[in-house]
Amino acid sequence: MTSKTDNLLATLKLQPVVPVIIIDDAKSAVPLARALVAGGLKAIEITLRTPAALDAIKAVADEVEGAVAGAGTVLDGRQWDLAVKAGSRFIVSPGAGTSVLDAADQSDVPLLPGTATATEVMTVRDRGYSVMKFFPAEQAGGAPYLSALSSPLSGIQFCPTGGISLKNAKDYLSLPNVICVGGSWVAPKAMVTEGNWDGITKLAREACELLG
Ligand SMILES: O=C(O)C(=O)C[C@H](O)[C@H](O)COP(=O)(O)O
């Protein structure tokens, strides 16, 4: 688990924000990923919420220099296998179901499991995890809630995701138990549909400046 955790931490520490991508057309994946990488966001989570997602992961993994392609919304072992086969270098799940945890145990690819309560955090910690997603961050209680978890659960680090934008990202990034945040705001659907790659690079740059 430790070297997998180290690999995951190394990926998450690349940038303050992990872009969460919902891709409708696999052909957009490469220019979108290039735009994000150009803006400084290398680790990219492509969610398995659309039929194009696996082709998109494969294209980014094969063709985009500097990108670290990951899969999001991985809910079970079958999706785990497909995501890894497509070239995912990290896997994100909104929760921590047994099927996905069991698949992760059998794999060298690191998992960022989702948690939202102290009991969920402790259950996942019992499986050997110290790095988790906090989801859905804003809806579950936001930065004050995550701050309240930091003292009793001090060994756990989080990537909060859900309802985060440029406006509130700093509230999370200033907490001691936050490594980075996740968010879809850096790749808005309308900009992807228009092919506004320069606009997306600008959003990525703004996001990178959050730590500055
Ligand atoms: O299902 C997963 O694995 C996910 O990654 C869920 C996403 O993190 C959120 O849906 C992103 O939330 P927004 O930034 O508010 O759009």
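Residues numbered from 1 in each chain as written. Predicted model: local features only at pLDDT ≥ 70, side-chain atom pairs only at ≥ 80, totals over all residues. Heavy atoms only, no water.

On to helix H3 (residues 53-63), then. Within the span of H3, buried status applies to Ala53, Ala56, Ile57, Ala59 and Val60. Axial view of H3: buried residues confined to an arc of 165°, hence all on one face. Across from the buried face of H3, at angles greater than 90 degrees, the exposed residues are Asp55 and Asp62. Tucked into the core, H3 has its buried residues touching helix H2 (29-38), strand E2 (43-47), strand E3 (68-72) and helix H4 (77-85). (Buried < 20%, exposed > 50% of the residue type's maximum accessible area, 1.4 Å probe, protein only. Helix = DSSP H or I, 4+ residues; strand = E, 2+ residues; numbered from the N terminus. Arc of directions from axis to C-beta. Contact = heavy atoms within 4.5 Å.)

To continue, consider the sheet that holds strand E4 (residues 90-92). Overall, parallel pairing links the six strands, which are arranged E5-E4-E3-E2-E1-E9 in an open sheet. Only two strands of the sheet have a single neighbouring strand rather than two, namely strand E5 (111-112) and strand E9 (181-183). One ladder, built from three bridges, connects strand E1 (residues 17-21) with E9; its direction is parallel. The residue of E9 that forms the bridge with Pro19 is Gly183. (Pairing = 2+ DSSP bridges.)

For the rest of this paragraph, the subject is the confidence of the model for the chain. On average, residues of the chain score 96 in pLDDT, and 99% of them are at 70 or above. Predicted complex, confidence summary: ipTM 0.93, pTM 0.96. (pLDDT = per-residue confidence, 0-100.)

Time to look at the packing of aromatic side chains. The geometry of an aromatic ring pair is captured by two quantities: the separation of the ring centres and the angle between the planes. Overall, the coordinates contain two aromatic pairs when judged by the stated rule. Their ring planes at 10° and their centres at 5.5 Å tell us that Phe134 and Tyr145 sit as a pair that is stacked. One end of the pair, Phe134, is in strand E7 (residues 131-134); the other, Tyr145, is in helix H8 (residues 142-150), with 11 residues separating them in the sequence. Taken together, the ring pairs in this structure connect Phe134, Tyr145 and Phe158 into an aromatic cluster. Positioned above the aromatic ring of Phe135, the side-chain terminus of Lys133 is 4.8 Å from the ring centre. (Phe/Tyr/Trp six-rings, centres within 6.5 Å; stacked < 30°, edge-to-face > 60°. Lys NZ or Arg CZ within 6 Å of the ring centre and 35° of its normal.)

Bringing the nonpolar core into the picture now. Within the largest apolar cluster, 63 residues are counted, with the highest numbers of intra-cluster contacts made by Leu36, Ile46, Trp80, Val181 and Trp185. With six residues, the single largest contributor to this core is H2. Sequence-distant contacts of Trp185, that is, excluding residues within four places in its chain, are made with Val17, Ile164, Ser165, Leu166, Ala169, Leu203, Ala207 and Leu210. By size, the runner-up hydrophobic cluster in this structure holds 13 residues, among which are Leu8, Leu12, Val92 and Val131. (Core = buried A, V, L, I, M, F, W, Y, C linked by side-chain atoms within 4.5 Å.)

What follows is about the pattern of salt bridges. As enumerated under the stated definition, the model contains four salt bridges in all. The partner of Lys189 in a salt bridge is Asp24, and the shortest N-O contact between them spans 2.9 Å. With Lys189 in helix H10 (residues 189-194) and Asp24 in the loop between E1 and H2, the pair connects residues that are 165 residues apart, well separated along the chain. By relative accessible area, which is 58% here, Lys189 ends up exposed. Within this structure, Asp102, Asp105 and Arg127 form a network of salt bridges that share partners. (Salt bridge = Lys/Arg side-chain N within 4 Å of Asp/Glu carboxyl O.)

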